[in-house]
Amino acid sequence: MSRTEDFGSDILLTARGIEKSFGSNHVLRGVDVQVRRGEVVALIGASGSGKTTVLRSLNGLETPDAGLVELDGGPAVDFGAQAAARAGGWAARRAGARRAKVERAALRDRSAMVFQHHNLFPHRTVLENVIEGPCQVQRIPRATAIGRAEELLARVGLSDKRDAYPHELSGGQQQRVGIVRALALEPDLLLFDEPTSALDPELVGEVLTVMKELADEGWTMVVVTHELQFARQVADEVLFLDGGVVVERGAPAQIFSNPAEDRTRRFLDRILHPLD
Ligand SMILES: Nc1ncnc2c1ncn2[C@@H]1O[C@H](COP(=O)(O)OP(=O)(O)OP(=O)(O)O)[C@@H](O)[C@H]1O
Ligand SMILES: [Mg+2]
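In this text, all values refer to a predicted model and were calculated from it rather than measured experimentally. (Residues numbered from 1 in each chain as written. Chains lettered and ligands numbered in written order. Predicted model: local features only at pLDDT ≥ 70, side-chain atom pairs only at ≥ 80, totals over all residues. Heavy atoms only, no water.)

Enquirer: Please clarify how the sheet that holds strand β5 (residues 77-78) should be interpreted in this entry.
Expert: Hydrogen bonding along the main chain pairs the strands of a sheet, whether they run parallel or antiparallel. Spatially, the four strands line up as an open sheet ordered β2-β1-β4-β5, and their pairing is antiparallel. In the strand order of this sheet, the two ends are held by β2 (25-36) and β5, each with one partner. (Pairing = 2+ DSSP bridges. Helix = DSSP H or I, 4+ residues; strand = E, 2+ residues; numbered from the N terminus.)

The following block contains the structure:
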């Protein structure tokens, strides 16, 4: 049975039929994503194809117009029902808003996102940036949060930057702090949105190395990336998004060496041979 058909108990996240329009721009037209525990799913596609919107929908940062997202054991978040409630009368809107808030929180609390730009607080030190979420959001005691943060910083080789400010770090170091900040929340799911695309080429490797280590350690990850070599080496499954749908999904070897769809082939050609 293929991965996409198997609804076994090791599924961590299931998203079905995700729809999203921005005004008249119908960006997502029924996107399905399934992520098994410990699996790395790479999401590829042209600029503007909706990759970020998919990622943000998976953790409730975006509010799709329709579709379901279910994160292992949590409530199934029914975005279609939420949209219907928003269009209803006063009582339905009020009850719907309350339910939507709870459902979104259930998704958001269990996943953490690493952004294209690191989004660190500029006037806080590395350590303060890392413990902010655990202390402020999760109410973890400061001493405990500091201990965990120091461990994580050591793991990515940044112990000596503990008290530095973001502007004192290289882009690659800043992005590694961004990853540590996500890890400090101890999420079930890590979401990466092109974490290396804003970096100078020589800094890309150090960030991808950390991400590969996380994958090897068994973290469950959904990674939007243009780094096809990384996707080929690290991903268990690759999803190609185009025209608002997942046009093709499969093992990296199959997608990259022998794509079934013309659209996938043309996209890969454009990335691999940009001057042709
Ligand atoms: N908040 C928003 N308001 C209006 N339009 C939006 C918004 N967010 C995204 N869009 C539109 O939705 C489409 C998909 O955007 P999205 O950022 O998801 O694409 P992407 O695949 O991540 O692109 P890129 O590779 O450039 O990051 C684009 O046409 C974009 O302009
Ligand atoms: Mg994007």
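Enquirer: Looking at this structure, I do not really get the pattern of salt bridges. What am I missing?
Expert: Between side chains of opposite charge, a pair can form as their charged atoms come close. If you walk through the whole model with that rule in mind, you get 15 salt bridges. Its salt-bridge partner being Arg110, residue Asp72 comes within 3.7 Å of it at the nearest N-O pair. Taken as a pair, Asp72 in the loop between β4 (66-71) and β5 and Arg110 in the loop between α3 (90-108) and β6 (111-114) lie far apart in primary sequence, 38 residues in all. In this structure Asp72 comes out as partly exposed when scored by relative accessible area, which is 31%. Across the pair Arg162 and Glu150 runs a salt bridge whose closest N-O atoms are separated by 2.7 Å. Taken together, the residues span a long stretch of sequence, with Arg162 in the loop between α5 (142-155) and α6 (171-183) and Glu150 in helix α5 at a distance of twelve residues. Taken together, the shared-partner salt bridges in this structure form one network comprising Arg37, Asp72, Arg110 and Asp188. (Salt bridge = Lys/Arg side-chain N within 4 Å of Asp/Glu carboxyl O. Buried < 20%, exposed > 50% of the residue type's maximum accessible area, 1.4 Å probe, protein only.)

Enquirer: What is the right way to read the site of ligand 1 from this model?
Expert: Residues in contact with ligand 1, as listed here, are Phe22, Asn25, Val27, Ala46, Ser47, Gly48, Ser49, Gly50, Lys51, Thr52, Thr53 and Glu194. Measuring from an oxygen atom of ligand 1, one finds a side-chain N or O atom of Thr52 at 2.8 Å. Broken down by secondary-structure element, the contributors of at least two residues to the shell around ligand 1 are β2 and α1 (51-58). In terms of residue count, the dominant contributor to the shell around ligand 1 is α1 (three residues). Partitioned by chemical class, the residues of the shell around ligand 1 number three nonpolar, seven polar and two charged. (Near = heavy atom within 4 Å. Polar contact = N/O pair within 3.5 Å; in protein donor to acceptor, adjacent residues only side chain to side chain. Nonpolar A, V, L, I, M, F, W, Y, C, P; charged D, E, K, R; others polar.)

Enquirer: For this particular structure, what's the right way to read the packing of aromatic side chains?
Expert: Ring pairs (aromatic) are described by centroid distance and by the angle formed between their planes. Counted according to the given criterion, the structure contains one aromatic pair. It is Arg124 that lies over the ring of Phe121; its NZ or CZ is 4.5 Å from the centre. The ring of Phe121 carries Arg181 above its face, with NZ or CZ at 5.8 Å from the centroid. (Phe/Tyr/Trp six-rings, centres within 6.5 Å; stacked < 30°, edge-to-face > 60°. Lys NZ or Arg CZ within 6 Å of the ring centre and 35° of its normal.)

Enquirer: How should I be thinking about the nonpolar core in this particular structure?
Expert: In globular proteins that are soluble, nonpolar side chains generally tend to be buried together. In this structure, Ile179, Leu190, Phe192, Met211, Leu214 and Met221 are the most contacted members of the largest nonpolar core, which totals 53 residues. With eight residues, the single largest contributor to this core is helix α7 (residues 201-216). Of all hydrophobic cores here, the second largest spans 27 residues; its members include Leu58, Phe79, Leu191 and Val224. (Core = buried A, V, L, I, M, F, W, Y, C linked by side-chain atoms within 4.5 Å.)

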